[in-house]
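Each chain, letter by letter, is given below.
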Amino acid sequence: MNFLRGVMGGPSAGPQPSGAETIQKLCDRVASSTLLDDRRDAVRALKSLSKKYRLEVGIHAMEHLIHVLQTDRSDSEIIGYALDTLYNVISNDLEEEEQDDSEEENLPKQVDDLGSQFTEIFIKQQENVTLLLTLVEEFDFHVRWPGVKLLTSLLKQQGPQVQQIILVSPMGVSRLMDLLADSREVIRNDGVLLLQQLTKSNAAIQKIVAFENAFERLLDIITEEGNSDGGIVVEDCLLLLQNLLKNNNSNQNFFKEGSYIQRMKPWFEVGDDNCGWSAQKVTNLHLMLQLVRVLVSPTNPPGATSSCQKAMFHCGLLQQLCTILMATGVPADILTETINTVSEVIRGCQMNQDYFASVNAPSNPPRPAIVVLLMSMVNERQPFVLRCAVLYCFQCFLYKNQKGQGEIVSTLLPSTIDGNSVSAGQLLCGGLFSTDSLSNWCAAVALAHALQENATLKEQLLRVQLATSIGNPPVSLLQQCTNILSQGDKIDRRGSKVQTRVGLLMLLCTWLSNCSIAVTHFLHNPANVPFLTGQIAENLGEEEQLVQGLCALLLGISIYYNDNSLENYRKEKLKQLIEKRIGRENFIEKLGFISKHELYSRAAQKPQPSFSSPDHMMFDHEFTKLVKELEGVISKAIYKSSEEDKKEEEVKKTLEQHDNIVTHYKKVIREQDQELEELKQRVSTLTSQNEQLQATVTQQVSQIQQHKDQYNLLKVQLGKDTQHHNSHSDTFQMNGIQMEEVSKLKEELEEWKNKHELLQGQLREKDSVTEKLKSSQLEMATTEQSSQTSKSGGLEHNNELQKELEMLRSQIQLQSAEISKLQIENQKLQVMNTSADPVLGDSGATAGNNSELERRLEQEIKELKSEIKALSEEKESLKQQLDSSSSTVAILQDEKSKLQQEVAESKKEQDDLLVLLADQDQKLSALKIKLKDLGVPVEDEDDIESGDQGDEDEDGDEEEQD
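The rules behind the values
Residues numbered from 1 in each chain as written. Predicted model: local features only at pLDDT ≥ 70, side-chain atom pairs only at ≥ 80, totals over all residues. Heavy atoms only, no water. Salt bridge = Lys/Arg side-chain N within 4 Å of Asp/Glu carboxyl O. Buried < 20%, exposed > 50% of the residue type's maximum accessible area, 1.4 Å probe, protein only. Helix = DSSP H or I, 4+ residues; strand = E, 2+ residues; numbered from the N terminus. Axes fitted to C-alpha atoms, helices over the stretch in contact; angles between N-to-C directions. Parallel < 35°, antiparallel > 145°, perpendicular 65-115°, else oblique. Left-handed = near helix turned anticlockwise from the far one by under 90°. Contact = heavy atoms within 4.5 Å. Nonpolar A, V, L, I, M, F, W, Y, C, P; charged D, E, K, R; others polar.

Peer 1: If you had to explain the pattern of salt bridges to someone new, which residues and values would you point to?
Peer 2: Under the defined criterion, the tally for this structure stands at 25 salt bridges. For the salt bridge of Asp38 with Arg29, the shortest nitrogen-to-oxygen distance reads 3.2 Å. Note on Asp38: relative accessible area 18%, which makes it buried. The salt bridge involving Arg263 is made with Asp220; its shortest N-O contact spans 2.7 Å. Placement of Arg263 in the loop between α16 (249–257) and α17 (279–295) and of Asp220 in helix α14 (residues 214–225) is noted, with a sequence separation of 43 residues between them. A residue is classified by how much of its surface remains accessible, and Asp220, at 29% relative accessible area, is partly exposed.

Peer 1: So what about unusual backbone geometry? Which residues, and what values?
Peer 2: Even without being glycine, Ser201 reaches a positive phi, approximately 55°. Here Ser201 is to be found in the loop between α12 (185–198) and α13 (203–211). A relative accessible area of 78% places Ser201 in the exposed class. Positive phi, normally seen in glycine, also occurs at Ser259, with a value near 60°. Within the element layout of this structure, Ser259 appears in the loop between α16 and α17.

Peer 1: Provide a residue-level description of the packing of helix α31 (residues 528–537) against helix α32 (residues 542–560), including the pertinent values.
Peer 2: With their axes 9 Å apart at the nearest point, α31 and α32 run at an angle of 140° to one another. The orientation of α31 relative to α32 falls into the category oblique. Relative to α32, α31 is oriented so that their crossing is left-handed. In this structure, α31 contributes Leu532, Thr533, Gln535 and Ile536 to the contact, and α32 contributes Val547, Gln548, Cys551, Ala552, Leu554 and Leu555. Split into classes, the residues belonging to the contact of α31 with α32 amount to seven nonpolar, three polar and no charged.

Peer 1: Outline the environment of Pro474, supporting the account with residue identities and numerical values.
Peer 2: Relative to the helices and strands, Pro474 resides in the loop between β3 (465–466) and β4 (475–476). We classify Pro474 as exposed; its relative accessible area is 54%. Separated by 10 residues in sequence, Pro474 and Val464 have C-alpha atoms that sit 9.6 Å apart. In this view, Pro474 contacts Gln465 and Leu466; residues no more than four positions away in its chain are not counted.

The values reported here are purely geometric and, on their own, carry no functional implication.
Next up, the structure:
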């Protein structure tokens, strides 16, 4: 154990062994020793040497330490020592501290890569990482905490490889999520750091962590730690939340649907006393604002961003951010980030933009928040980053907000200018014509956003008049912009002079694009076109090339959107002027300077204006879109001849006519759609009527079949009766029966004729309806193919209805044929009846003729009818009596039920009285017993009753004697 004494600091005899020899002996001891205590002491010694002799311990001991982790899992102490040793070998954090503290050894720079090299050795066997995951599951502090730190270090050194191993291991991520629920804060906090490294740039692991309830646990930790007032743990949780949400649409949607946005509102509830802003609080609040921006970033899908913006408004988060925005004593970097956050929360969301327009600053008198922010933007004393943030906020407020654009422009119009209060328009004009080049640029870009994609406001802005000096007439805003542009270097300005000209040129290009009236006003000033051609034709330095490109773009817009209303500045003449003074190739080359500029490509990347210095502030994001749209169009327009221009104008006219025709046909289609709906309703009513008629037809068919059966029976009976015509009485009876059946058949024939006429009338009505439908369909067939497809359904319904009508006609024809057959058979019966009359006359002399029989039959029928009427009257009277009796029975039943209820109530009362009497008897008997005990004579009830009876008997005897 001498080498252990040397390591542990005890006295040693003989020469001291070197560090490498000691480590080798310790490794042999770990490998060969059979006693657990010896192995534990050896591993402890390796741990103490691992910081100083990192390379030697890593080379010689790593394999033995991994073997200890596999075999000695029952002893938590040796496992903890082994994990700590591996952490010291793999982690680079300790190496950096040693390099700072000690200067004795000049270690080469390759030592920094030791951690990644040892990590590669460790993760070469994937079983080592899975073994580490199982150890992290142990609850023992001495095992779990070193395991978490070692796994974090592995992820720092070789993140993607370790992430992949954890991802494919069973329940790997779920095991690590349990660290957030650990009651020991040290393990929980290091677990947050571990998950930070685990979720970096891996969308699959981010989704698994999110669906393992990470949002709920992290928000609970932030709340427990005190939100923005918390310590570094809150910062770590916020960084982990950013990893989970940034550029991960699935997790963002899950965060929104889980109602976690509502839990962010308390983060920004900053008190009125904003004096205590610690550095940690500033960092936490900064990360919280960035997390809000992650959810509403312009790079997210528009639908997801819009839903998050609405959720932030409804939960009051936007209102809370606006209170921070208008509060006093807020640090500058927090205020800047809050402005950027509010900008993206309101960007493109009409509801949020309307709310922001209604926010007022706590001043006397209160001013709109937009006006206060614009004051900061045009104030050159404010920090550059803050001014950029205000410009971004103003741009987001006007993005896809025509209502807000109109409100800003209206503050510049003569009818709405209020001299007592400062408006947004006045601030923009003041910044546009100030001596600060940065204010010029910001105001020009802000005003350009107020005109973005809004032709009506571009025309209204032409009405704005400015008073330049006392005694001089007012000048239009467009003229003043061109005047400042033409003066150029003559005006003494602070900052870059190119910046002012670039801002004004961007404003003019945005103003004149897609607005022919503005182009006409611009060309009406005779000095503008010569100035632009002179600027483009000159050979200037690199700084001026950008101005030349923008002048070429402005001249190209004046050509492309020219309506040829000015004779001296028609398209063809301007092209000839370019050809003579500049040259087409030179013009196109100067136009290309814009898109080739480095600052142009930077501005085109994202909407937020972020510049490292004011000198780099040249292009706006929306303007880069305009350049990209117009550059190719202007290049083609320059090379077009006059004939091509005429053809293009003709094409435009035809397109306008085509648009008018399309709008006309759209109206026609709408009207036809309404007519189709009405026709469909009529078709549905007709189909219902058709179904009813089919039901009646089926009933009539069944009735006809019944009559046929009755008729066949009568024929059979008639045949039998004609065979037995010898006896006078039988023939008379049969003749009577035959006559009755004939009369019945006649009546039924009349009824069928009436029904037939009704059906024919209904068929005529349906034929008229179908004719109307056909005529309306023929009228609608003259429209376009789109309307024909929409009407095909109605035609199909009409065809089906016509088929059903044809079926009804065929059925009615069949019925009429059957009726005709019945009529023929009736005639046959009448012939048979007449042929049977002479036989009857010859057989019996006493028999009367047919007329007498008919009279008798009629009399008997009348008598039967009278009897039937009398019976029906009796039946009605009986019905009335039955109704009255039923009503009386109902009344009696009600009375009976009431009486039964009363009897039941009386029974209950009697039972209650009996109970009371029994109680009184018991009390009386108890009192009598007490009285007897006291010696008071008490008579029993039986004695009293016997005495009463004796008195009554004596009274009776006396009466008898009397």
